[in-house]
Amino acid sequence: MKEKINVLIVDDHALMREGLKKILELEDNINIVATASDGVEAIEKFKIHDVDVVLLDINMPNMNGIETLRKLKYMDSSIKVIMLTIYDEREYLLETLNLGANGYMLKDSESASLVSAIVNVNDGGTYVHPNLAGELFREINVKRSSGCKCGIDSLTKREYEVLCCIADGLSNRQISETLIISEKTVKNHVSSILKKLELEDRTQAAIYAYKNNVKKI
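In this convention, every chain numbers its residues from 1, walking through the sequence in written order. Since the coordinates come from a predicted model, pLDDT governs what is reported: local features require at least 70, and pairs of side-chain atoms require 80 or more to be given and counted, while whole-chain, interface and lining totals use all residues. Side-chain descriptors were evaluated using all non-hydrogen atoms of the structure, hydrogens and water having been removed beforehand.

Helix axes are fitted to C-alpha atoms over the stretch in contact, other axes to C-alpha atoms as well, and angles between N-to-C directions run from 0 to 180 degrees. By definition, any uninterrupted DSSP run of H or I lasting at least four residues is a helix, any uninterrupted run of E lasting at least two residues is a strand, and each is numbered from the N terminus. Between helix α8 (residues 172-179) and helix α9 (residues 183-197), the least distance of the axes is 9 Å, while the angle of their chain directions is 110 degrees. Relative to α9, α8 is oriented roughly perpendicular. Contacts from N172, R173, I175 and S176 of α8 reach α9 at E183, V186, K187 and V190. Charged residues are taken to be Asp, Glu, Lys and Arg, nonpolar residues to be Ala, Val, Leu, Ile, Met, Phe, Trp, Tyr, Cys and Pro, and polar residues to be all remaining types, Gly included. Residue classes in the contact of α8 with α9 are distributed as 3 nonpolar, 2 polar and 3 charged. Small angles under 35 degrees read as roughly parallel and large ones over 145 as roughly antiparallel, with 65 to 115 read as roughly perpendicular and the rest as oblique. What makes two residues a contact is simply this: any of their non-hydrogen atoms within 4.5 Å.

As structure tokens, this is what we get:
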């Protein structure tokens, strides 16, 4: 049995990467084998290093965390992945868990919680930030009681809000300012909306919104 847990840190912010690296290097049972600034680099580092746990940022250039997670799990379904984000939005939580993520942690978490999550996930457990645990159980209960949803009912509350903004003709930047979320997050929401509603582009999304009488909440 390994004495140390080999960890790969993936984040597009150098300060975050180095900060996490220095914090985790203080732990006797954790070894940082590599760091990466985006998903593309993460895949390459994963190929050449013996990695047990990946700390993976969601919003990154070139290849975001969700797509990186999908590729990592395709390459090795047993790899343990903890998603890192500043956003406590349940749609990211649910999507990443559905793709096989083993943990979901907010970046403002205490270092002790991060270490505990790494150890727990490496041992075969899971970790969900306490702020989102309640949301996860509620979502599971809803699905159990109502069955799988489709169409407009499949959208999360935030996705519904983004769809309303699209119907109003707002750009990603304007949606970002209106909903107080990053443009990267808006792009991810738009992509998810198009996929769920089986649409090709924003124009079709706007038409869909009007046809289905989508209104602001």
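Low-pLDDT stretches of the model should not have their predicted coordinates read in fine detail. Confidence scores labelled pLDDT are given residue by residue by the predictor and lie between 0 and 100. Looking at the protein chain as a whole, the pLDDT averages 84, with 87% of positions reaching at least 70. Across residues 140-148 the pLDDT falls below 50, and counting only partners more than four positions away or on other chains, this stretch makes 2 contacts in the model.

Turning our eyes to something else, we now look at unusual backbone geometry. Only a minority of non-glycine residues have a phi that is not negative, and only a minority of peptide bonds are not trans. Non-glycine residue I180 carries a positive phi angle of around 60 degrees. Within the element layout of this structure, I180 appears in the loop between α8 and α9. Three exposure classes are used, based on accessible area relative to the maximum for each residue type with a 1.4 Å probe and protein chains only: buried under 20%, partly exposed in between, and exposed over 50%. The exposed category is assigned to I180, whose relative accessible area is 74%. Its identity as a non-glycine residue notwithstanding, E198 has a phi of 55 degrees, on the positive side. Here E198 is to be found in the loop between α9 and α10 (202-211). In this structure E198 comes out as exposed when scored by relative accessible area, which is 72%.

Nonpolar cores were defined as sets of buried Ala, Val, Leu, Ile, Met, Phe, Trp, Tyr and Cys residues, with membership established by side-chain atoms within 4.5 Å. Formed by 25 residues in total, the largest nonpolar core has its most connected members in V10, V54, L56, L72, V81 and M83. Only β1 (5-10), β2 (30-36), α2 (39-48), β3 (53-57), α3 (65-75), β4 (80-85), α4 (90-98) and β5 (103-106) provide two or more residues apiece to this core. Once residues lying within four places of it in the same chain are set aside, the contact partners of V10 are A36, D38, A42, V54, L55, L56, D57 and M60. Residues L155, A206, Y208 and A209 belong to the second largest nonpolar core, which totals 21 residues.

Here we come to α9. A helix is expected to span 1.5 Å for every residue after the first. With 15 residues, α9 should cover 21 Å at 1.5 Å per step; its first-to-last C-alpha distance of 21 Å lies within 8% of that length. Those residues of α9 that sit buried are T185, V186, N188, H189, V190, S192, I193, L194 and L197. Directly after α9, the chain includes E198, whose backbone phi takes a positive value near 55 degrees.

Moving on, we come to the pairing of β4. With 6 of 6 residues buried, β4 is to be regarded as a mostly interior element. In β4, alternate side chains face the same way, and those of K80, I82 and L84 on one face and V81, M83 and T85 on the other are all buried. We call two strands paired when DSSP finds no fewer than two bridges between them. Bridge count for β3 against β4 is 5 bridges, and the pairing is parallel. Within β4, the residue paired with D57 across the bridge is L84. One ladder, built from 4 bridges, connects β4 with β5; its direction is parallel.

A few words now on the pairing of β3. For β3, the buried fraction is high: 5 of the 5 residues fall into the buried class. Burial of the side chains of β3 extends over both faces: V53, L55 and D57 are buried on one face and V54 and L56 on the other. Between β3 and its parallel partner β4, the chain crosses via α3, and the hand of that crossover is right-handed. Handedness of a crossover is defined as follows: with both strands directed away from the viewer, a clockwise route from the first strand across the helix to the second makes it right-handed.

The next point concerns the pattern of salt bridges. For this analysis, a salt bridge means a side-chain nitrogen from Lys or Arg found within 4 Å of a carboxyl oxygen belonging to Asp or Glu. For the structure shown, the criterion picks out 12 salt bridges. Residues D12 and K184 are paired through a salt bridge, measuring 3.2 Å at the closest nitrogen-oxygen approach. Linking D12 in the loop between β1 and α1 (14-24) with K184 in helix α9, this pair joins segments that are 172 residues apart in sequence. Across the salt bridge formed by K196 and E159, the nearest N and O atoms sit 2.8 Å from each other. Of this pair, K196 sits in helix α9 while E159 sits in helix α7 (residues 157-167), and the two are 37 residues apart along the sequence. Assessed through its relative accessible area of 32%, K196 is described here as partly exposed. Each of D11, D57 and K107 takes part in salt bridges that share partners, so that together they form one network.

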